[in-house]
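# Coordinate inspection notes
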Amino acid sequence: MNKTNHPSEEVSYLAIGVGPSNLSLAALASKHDNLNITFLEKKKQFSWHEGSLLPFSNMQSSHIRDLVTLADPTNKFSFISYLHSTKKLYHFMAAEFSNIPRFEFNNYYKWAAEQLPGMHFDEWVNEVQYEEGNFRVHTSKRIILAKNLILGIGSIPYFPEHAVLDIDRHAYHGTEYCKKNKETFRNKKVVVVGGGQTGAEVFFDLFTNKTALPKELTWISRRSLFNPMEESPFHTEIFTPYFSECFYSLDLDSKEKLLAQHKLASDGVSSDILQNIYKELYFNKYQHKEKLPPNLLINTDVVKQELNGDSFKLYIQNKVTNSTDQLDADIIIYCTGLDYKLPEFLNPIKPMLTFEKSGIDTHKDFSAKLPSGIKNKIYIQNGSTSSWGVSDRNLVLGAWRSAKIINSMLGFNAYDMESENTFVTWK
Ligand SMILES: Cc1cc2nc3c(=O)[nH]c(=O)nc-3n(C[C@H](O)[C@H](O)[C@H](O)COP(=O)(O)OP(=O)(O)OC[C@H]3O[C@@H](n4cnc5c(N)ncnc54)[C@H](O)[C@@H]3O)c2cc1C
């Protein structure tokens, strides 16, 4: 810990957060000797959404959308290169996964993080100030003066307004689910709120829990069905650089309309897990008949959560009939998604940034729009959905975004940014 107010280091580029976004930047930057980037990550070691990493969890995107391939297929930090160097390429090929197991991507990311230069784990950023042409970054260990920043801090769990977090009494976010002891669910009334991918995975895990089955299990979605992710080739065109550039050029109103229309291309449930859930419902009803059928509630809003002795009362409303009802719950798991929020450590520089409804307003090189006259840059990874569309908060165009940032840092196009067009005409 630096007890004085003097910076212990001066750097050109400081990247905050080491998730897949900044890992992609590190992997692509590793080919450019003149680019030195310091990376800070608060976790002790790399891990990717470990609280949601169930044994059966699969990726919702292709392995080609790894850290580097879509920007530079020759980079040694590709997923295929990982499989090759860990001697599992033939097994992987023979397994013919239709969706890649998520644990394997987590291992791939770890493998890359262990080899990439400039990584500092177990060090978190407490405050960023701006003075005299530098960012003064206070971390848990030191003060660093940085000319430019790259924010790759991800999103935080989102809770609906009515939700009252109560970790001891068991009302928590789905991203914490895997950290819980399975025994806590035995004979309990468990309610899963949220009809997206995490909700589906948590529900399936609870329903197939062989050791500590809940007494009652309810899965609630406000959507009109447990909707699958839209995965047609035409939807895949939304996740292309060409579409992102088109989206960038639209006015704000059109962007917000498109973001709403594209929700299920990003937030729907993978078809394989929906099929597995349905099959399990079938087996449960007609074969093993071991457990009570679960309550599957769609078109349902949870409007209020109340403490009721040692458990909770949930007030729900059907959006079609407007009828209301109550549910008892010992455990509530909110699988209500993630949200981009400016973290408190950026409060001192907040007035320098401009915001749109869904994130920070950025230039075409993914740097935040700062007041005129400021030469420093703050590159935004995964924090400007308003500017770039739904792909920005997913992994899918991470390599392309990092390549654009590197081109901007270098001042020339080290990466070819001329993109294939799409078959669809967007505007
Ligand atoms: C369970 C789950 C599965 C997903 N699967 C897919 C998928 O299959 N395909 C897809 O396209 N998208 C997927 N996504 C969406 C998205 O791609 C991921 O959320 C991805 O992790 C985003 O990467 P990131 O690096 O931007 O953020 P994160 O992975 O959230 O990483 C941010 C990092 O910043 C660190 N950090 C934050 N604050 C500080 C600080 N003050 N100081 C230091 N470090 C800090 C955090 O500890 C974290 O490690 C998934 C999301 C979830 C939640």
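Above: the structure in question.
This is a predicted model, so every value here is computed, not measured. (Residues numbered from 1 in each chain as written. Predicted model: local features only at pLDDT ≥ 70, side-chain atom pairs only at ≥ 80, totals over all residues. Heavy atoms only, no water.)

## Description of the nonpolar core
- Ranked by size, the top nonpolar core spans 57 residues in total, and within it Leu 23, Ile 37 and Met 409 carry the most contacts.
- When residues in this core are grouped by element, the largest group, 7 residues, is from helix α12 (residues 398–410).
- Residue contacts for Leu 23: discarding those within four places in its chain leaves Val 18, Phe 46, Leu 67, Tyr 109, Ala 113, Leu 116 and Met 119.
- Core analysis: the second largest hydrophobic core is formed by 24 residues, Phe 135, Val 137, Leu 353 and Ile 380 among them. (Core = buried A, V, L, I, M, F, W, Y, C linked by side-chain atoms within 4.5 Å. Buried < 20%, exposed > 50% of the residue type's maximum accessible area, 1.4 Å probe, protein only. Helix = DSSP H or I, 4+ residues; strand = E, 2+ residues; numbered from the N terminus. Contact = heavy atoms within 4.5 Å.)

## Some words on the site of the ligand
- As a structural note, the neighbourhood of the ligand is formed by 30 residues, with Ser 21, Glu 41, Trp 48, Gln 60 and Asn 382 the closest of them.
- Here an oxygen atom of the ligand sits 2.9 Å away from a polar atom, N or O, in the side chain of His 49.
- For the ligand, an oxygen atom lies 2.8 Å from a polar atom in the backbone of Leu 395.
- Protein coverage of the free-state accessible area of the ligand, which is 980 Å², stands at 89%.
- Of the residues in the shell around the ligand, the class split is 13 nonpolar, 11 polar and 6 charged. (Near = heavy atom within 4 Å. Polar contact = N/O pair within 3.5 Å; in protein donor to acceptor, adjacent residues only side chain to side chain. Areas by Shrake-Rupley, 256 points an atom, 1.4 Å probe, with all protein chains shown as cover. Nonpolar A, V, L, I, M, F, W, Y, C, P; charged D, E, K, R; others polar.)

## Things to note about the sheet that holds strand β15 (residues 331–334)
- The sheet built from 5 strands is open, its strands ordered β8-β15-β9-β10-β11 with parallel pairing. Strands at the two margins of the open sheet, each flanked by one partner only, are β8 (171–173) and β11 (295–297). Across this sheet, the average inter-strand angle for adjacent strands is 15°, counted without regard to direction.
- Here β8 runs beside β15; their pairing, made up of 3 bridges, is parallel. Along β15, the bridge assignment pairs Tyr 172 with Ile 333.
- Of the strands in this sheet, β9 (189–193), β10 (216–220), β11 and β15 are in contact with helix α5 (residues 197–207), which crosses β10 at around 165°. (Pairing = 2+ DSSP bridges. Axes fitted to C-alpha atoms, helices over the stretch in contact; angles between N-to-C directions.)

## Quick look at empty space enclosed by the protein
- In this structure the tally under the stated criterion is 3 cavities of 30 Å³ or more.
- Estimated volume of the largest cavity: approximately 70 Å³.
- Considering the residues around the largest cavity, the lining is formed by Pro 20, Ser 21, Ser 24, Arg 65, Asp 66, Leu 67, Tyr 109, Asn 394, Leu 395, Gly 398, Ala 399 and Arg 401.
- Taken as a whole, the second largest cavity spans an internal volume of roughly 40 Å³.
- Around the second largest cavity, the lining residues are Phe 366, Ser 391, Asp 392, Asn 394, Leu 397, Gly 398, Trp 400 and Arg 401.
- In terms of residue class, the lining of the second largest cavity is made up of 3 nonpolar, 3 polar and 2 charged. (1 Å grid on protein atoms, 1.4 Å probe; cavity = no way out; pocket = protein on both sides within 12 Å on 5 of 7 lines; lining within 4 Å. Points joined across faces, edges and corners; volume = space filled by probe spheres on them.)

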